[in-house]
Amino acid sequence: MKKNMSMIMASTMLLGALAGCSSSPQATDTGGAAGTAAAPTAAPAKTGKTTIQYWHSMGGKNGEYTDALIKRFNESHPDIEVVGTFQGGYEEVVTKLQQAAAANTAPDVSMLERSFVQLFADADVLEDLTPYLKKSGLSVDDFVPGLMGHSTFNKKLVTLPLNRSTPIMHVNKTMLDEKGLKVPTTWDEMKTVANALVIKENGAYKRQGLSMPFDDWYLIAMMTQSKGRFFNEQGTSIGFYDNGVGLKVFSYLKDLQNTGALFYPPTQDSGNIANQMFMEGKVGLLLQSTGSIGGFAQNVKFDYVTAFLPKNDVFATPTGGANVTMLASSKSKAAAWEFINWLMTDPKGGQQFVIDTGYLPFTKKMVESKEIKELYAKEPNRKVAYDQLQYATDTNKHLAWTPVVQEFRSAMQAIMYDNKDIQTTLTTFKNSAEKLMK
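(A) How the structure looks around helix 3 (residues 60–76). The terminal C-alpha atoms of helix 3, which comprises 17 residues, lie 25 Å apart, in line with the 24 Å expected from a rise of 1.5 Å per residue. Those residues of helix 3 that sit buried are Asn62, Gly63, Thr66, Leu69, Ile70, Phe73 and Asn74. With its buried residues spanning 130 degrees around the axis, helix 3 presents them on a single face. In helix 3, the exposed positions angled more than 90 degrees off the buried face are occupied by Lys71 and Glu75. Check the buried side of helix 3 and you find it contacts strand 1 (50–56), strand 2 (80–86), helix 13 (333–345) and helix 14 (347–357).

What follows is the structure in structure tokens.
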């Protein structure tokens, strides 16, 4: 455990660097990890009740929804008081959790970004939720399978899904209709459409076809669409080098970039920049989080639709967002589980949070509920995001994820901005990644 706790400490030292160079997927999930958002205040606990601490990453409007959620729980549970505290973005929560775990001051319940769950699970600081689930008459089969990829480690169920998302394709259908183009479903079709949308005047691009934030999320999606993996199944190397998938993905993007069909935004604030380009009609296709659907629906002036990420060999998408976990050090585990169980099963819990925020429904019962069905009938763009979950696959699970992805983002910058040779850059990355994975 000491060795793995040391790995948590070492890994989180890199999080500041990662946050500084990337528009991480969670940063666009309806403000979910907006570290600059005003922190919702934690209400003081009332006396005579079991008090549990809940750490989360919901700032801005989502922070208001979280405050309302906690208030609903407290009003319906007179013997329990949940004190919610905004701890910053996903990566900030990870940093604070590892410090609190080492100091034995961790909260009872916390939101935890899914790609960091393995670090804490291997350090044995997360409670096994299996017996709690069984006692409550629940099972893992009650949850949407595509969102459970980061829940079980070392044969222990340590997290359950909460605010979850996937990348999806956002489409300016008005722009496509004007050109007589159909919404693309394959890479070949996406290349054709993106190039057809380009308008260049006086040596400058007035309009380009496709954009996406600077983030590994979208590259991992394209790797899995080409039957590749980020890490190989043995966890000893990367899974997109020897099979040529990495070369294929980057070559595809560079071809689009070289014709002006792809607008690849700068690393800083790339998600907001790409979103603005889409809303202003400067690109017709955008690969972006499902968490952007609500904002686009309210702000765009054109016929806006969503679609699955186009396939290459197969349809595939990674997942994003955070799960909820109970810390093994909690002194109030029964109350902590009561809160988690309420989030999972009560219509006023996670289901209302999903309706409010735009995140994905995470239990089968929730998907079949009258409220979600009515929501999807009213906003079919959100149903597309759920339907795409049948193709969800996460191939970036590894204890060395944090340092490896930092190296990968450096490779992305070298290829996409500095026009470095793709194969040479990937070779250097592969060698660095294998050293970090040992």
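Here the narrative resumes, following the displayed structure.
(B) Layout of the side chain of Asn381. For Asn381, the position within the fold is in helix 17 (residues 380–387). Overall, the relative accessible area of 15% leaves Asn381 in the buried class. In terms of polar contacts, Asn381 uses its side chain to reach the backbone carbonyl oxygen of Tyr304, at 3.3 Å. The contacts of Asn381, once residues within four sequence positions are left out, are Ile293, Tyr304, Val305 and Thr306.

(C) Spotlight on the pattern of salt bridges. Under the defined criterion, the tally for this structure stands at 15 salt bridges. For the salt bridge of Lys156 with Asp124, the shortest nitrogen-to-oxygen distance reads 3.2 Å. Within this pair, whereas Lys156 is found in strand 5 (residues 156–157), its partner Asp124 is found in the loop between helix 5 (117–122) and helix 6 (130–135), the two being separated by 32 residues in sequence. Here Asp177 and Lys173 are joined by a salt bridge, their closest N and O atoms 3.2 Å apart. Pair noted here: Asp177 and Lys173 are both in helix 7 (residues 173–178), with a separation of 4 residues, about one helical turn.

Cut-offs and rules
- Residues numbered from 1 in each chain as written.
- Predicted model: local features only at pLDDT ≥ 70, side-chain atom pairs only at ≥ 80, totals over all residues.
- Heavy atoms only, no water.
- Helix = DSSP H or I, 4+ residues; strand = E, 2+ residues; numbered from the N terminus.
- Expected span 1.5 Å × (residues − 1).
- Buried < 20%, exposed > 50% of the residue type's maximum accessible area, 1.4 Å probe, protein only.
- Arc of directions from axis to C-beta.
- Contact = heavy atoms within 4.5 Å.
- Polar contact = N/O pair within 3.5 Å; in protein donor to acceptor, adjacent residues only side chain to side chain.
- Salt bridge = Lys/Arg side-chain N within 4 Å of Asp/Glu carboxyl O.

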